[in-house]
Amino acid sequence: MIPSHQLPLVGLLLFSLIPRQQCEICEISRENYTALNPLINTMINSKYSKGIQAANVLLSLRLGGILNQTQEQKLMRQIVRSVENKESSLTSGQLALSILALGACKRPDEMFKNYSDLVKQLENKFQEEIKNMEEHDDNPLTNYYQLSLDVLALCLFSGNYSISIVATKFNPENKNYYFHGQFSVDTGAMAVLALTCVMRDKTNSQNIMYKQDLEIIGGHIGSLIRKILSQKKEDGLIGNIYSTGEAMQALFVSSHYYKKSQWDCQKTRNKVLEEIPKGVFRMPTAAAQILPALLGKTYLDVNKDSPCVYKSGAFNLSTQEPTSGPPAVSHPQIQVNYSVVINTTYNIVVSVANGSVFLDVMEKAQKENATLFSFTAEESSWGPYITTVQGIKANSNERTYWALLSNGKPLSQGAGSYVVHAGENLEVRWSKY
């Protein structure tokens, strides 16, 4: 292992010497592409109520060269409508993700060219995030995952950002990498991708003022990689099943920061492939975040000047329209215990159809007692995100949010995707992170 105090200088040297291609990749073989069909069909056949929800999916499928031009055009139009008509309502990370998706590669017809305007808007939003951190105890308007997306998009699309601010704000010990004291693997992984882009972009610069900042950034990457690897599980997953895809991407682009013996890439890949048939990636965003790594791709492969590749024939894609609602079948009812915990605990037992999700329970409780169980939610790329309960609103400046728990344990799935079980104790708890 390279001593930690030498990592920044060694990192700069290695960045100037290693090829751009990632050093450690274990993508699925072409013969096993059929294993990916459930992921791909989930993404292609999902209906997106907002164009921004399609951004993660379009980015993933374009990196893999999976869509045909008609499918690609449909998703692009949804995203373009979102960024052009509703730009002011997008968070910085949502706008960054849209830029990455629209500019992942170059279509023959150059359907979208207006990158400079979107990049300028992102520059402004990124500055608003930094200003909020300066005024509110280092808390961004959104979170560090989105802040990392901002830097990644600005770096890849030649936007303006301060190298010194990146070096300062992305210190791995910053509280924004942690959630209830636990290191957030997907946040750390996205930061590694962003910082690696900055290193690649600026290492060969003649500006001597960048040298010290780049040494610091190199140290940050090494530290973040160690933290990511510390979350590696015995079965090969890193963090949890949903953070593993982006952790794989981060490790692909940073193999000179760790020994090969520290990560068995094939073991991680094989564990993910085992989980696909179990339906754990039934949310489009979950499928989109795991697919690039399985194909040996990372978000650093985004290149708006590189011709798009179309190889959908290699996959068995189903393009039938999804049903507009659940089948007309009678489901048996189950009872679950539901609680809202603020300073006091409010309990109710509700009956819902077998196969219902957490959100169904919340809606049923609200119907039975709107005073105690009222709530609001907003759409995110991961589905409904709970914003208020009993009128109490989550606040990023105060680092408060509504946590979802089952039998006292935090859930890794959202309210719209976690399937509840008979007799389960479900809880929405007012929490700080």
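Residues numbered from 1 in each chain as written. Predicted model: local features only at pLDDT ≥ 70, side-chain atom pairs only at ≥ 80, totals over all residues. Heavy atoms only, no water.

Take the overall build of the protein next. In terms of regular secondary structure, the protein is built from 15 helices and ten strands. For the protein, the exposed surface amounts to about 19500 Å²; the carbon and sulfur share of it is 48%. (Helix = DSSP H or I, 4+ residues; strand = E, 2+ residues; numbered from the N terminus. Areas by Shrake-Rupley, 256 points an atom, 1.4 Å probe, with all protein chains shown as cover.)

Attention now goes to the side chain of glutamate 246. Secondary-structure assignment places glutamate 246 in helix H11 (residues 244-252). Buried and unpaired, glutamate 246 has lysine 233 as its nearest opposite-charge partner, separated by 15 Å. Setting aside residues up to four positions removed in sequence, glutamate 246 forms contacts with Tyr145, Asp186, Ala189, Met190, Gln289 and Tyr299. (Buried < 20%, exposed > 50% of the residue type's maximum accessible area, 1.4 Å probe, protein only. Lys, Arg positive; Asp, Glu negative; His and termini not counted. Salt bridge = Lys/Arg side-chain N within 4 Å of Asp/Glu carboxyl O. Contact = heavy atoms within 4.5 Å.)

Here the focus is the sheet that holds strand S6 (residues 383-389). What the three strands build is an open sheet, ordered S5-S6-S7; its pairing is antiparallel. In this open sheet, the two edge strands, each paired with only one partner strand, are strand S5 (375-380) and strand S7 (392-393). Alignment of S5 against S6, held across six bridges, turns out to be antiparallel. Along S6, the bridge assignment pairs alanine 377 with isoleucine 386. (Pairing = 2+ DSSP bridges.)

One open sheet accounts for five strands, arranged S4-S3-S10-S8-S9; its pairing is mixed. Either end of the sheet is taken by a strand with one partner, and the two such strands are strand S4 (345-353) and strand S9 (409-410). Examined bridge by bridge, strand S8 (residues 400-406) and S9 share two bridges and lie antiparallel to one another. If you follow serine 406 over to S9, its bridge partner there is lysine 409.

Bringing the state of the cysteines into the picture now. As enumerated under the stated definition, the model contains three disulfides in all. Note that cysteine 26 is cross-linked by a disulfide to cysteine 265, the S-S spacing being 1.7 Å. On the S-S bond that ties cysteine 26 to cysteine 265, the torsion sits near -70 degrees, and the link is left-handed. You can see cysteine 26 sitting in the loop between helix H1 (7-17) and helix H2 (37-44) and its partner cysteine 265 sitting in helix H12 (residues 265-275), a full 239 residues away along the chain. No difference in accessibility class separates cysteine 26 from cysteine 265, as the two residues are buried. Note on cysteine connectivity: cysteine 155 is disulfide-linked to cysteine 197, with sulfurs 2.1 Å apart. Torsion about the S-S bond of the cysteine 155 and cysteine 197 cystine: about -95 degrees, corresponding to left-handed handedness. Here cysteine 155 is found in helix H7 (residues 144-156), whereas its partner cysteine 197 is found in helix H9 (residues 185-202), with 42 residues between them in sequence. Exposure remark for cysteine 155: the relative accessible area of 6% places this residue in the buried category. (Disulfide = S-S within 2.5 Å.)

What follows covers the nonpolar core. Across soluble globular proteins, nonpolar side chains show a tendency to be buried alongside one another. Ranked by size, the top nonpolar core spans 107 residues in total, and within it Leu36, Leu61, Ile217, Ile228 and Phe281 carry the most contacts. Top contributing element to this core by residue count: H9, with eleven residues. With sequence-adjacent residues up to four places away left out, isoleucine 217 is seen in contact with Ile163, Val166, Ala167, Leu195, Val198 and Met199. Judged by nonpolar contacts, the second largest core, of 25 residues, contains Val336, Ile386, Val389 and Val420. (Core = buried A, V, L, I, M, F, W, Y, C linked by side-chain atoms within 4.5 Å.)

All right, on to the side chain of arginine 399 then. Of note, arginine 399 is situated in the loop between S7 and S8. Here asparagine 176 takes part through its side chain, which lies 3.1 Å from a polar atom of the side chain of arginine 399. (Polar contact = N/O pair within 3.5 Å; in protein donor to acceptor, adjacent residues only side chain to side chain.)

On to the environment of valine 253. Note on placement: valine 253 falls in the loop between H11 and H12. Accessibility expressed as a relative area gives 3% for valine 253, which makes it buried. For the pair valine 253 and cysteine 197, spaced 56 residues apart in the sequence, the C-alpha separation amounts to 9.7 Å.

Right, let's get into the packing of aromatic side chains. All told, the structure shown has 15 aromatic pairs when counted by the stated rule. Residues tyrosine 178 and phenylalanine 183 carry aromatic rings whose centres are separated by 5.8 Å and whose planes lie at 65 degrees to one another, so their mutual orientation is edge-to-face. One aromatic cluster is present, built from ring pairs that chain together Tyr144, Phe170, Tyr177, Tyr178 and Phe183. (Phe/Tyr/Trp six-rings, centres within 6.5 Å; stacked < 30°, edge-to-face > 60°.)

Before going further, it helps to examine the UniProt feature "coiled-coil region" (unreviewed entry) in the protein. Here the UniProt-annotated "coiled-coil region" (unreviewed entry) positions come out as residues 112-139. A helix fraction of 75% and a strand fraction of 0% characterise residues 112-139, whose end C-alpha atoms lie 34 Å from each other. (UniProt positions renumbered as here; feature names shortened; annotations may be inferred.)

A separate point is the environment of glycine 239. If you trace the backbone, glycine 239 turns up in the loop between helix H10 (210-230) and H11. Residues within four places of glycine 239 in sequence aside, it is in contact with Val185, Gln231 and Lys233.

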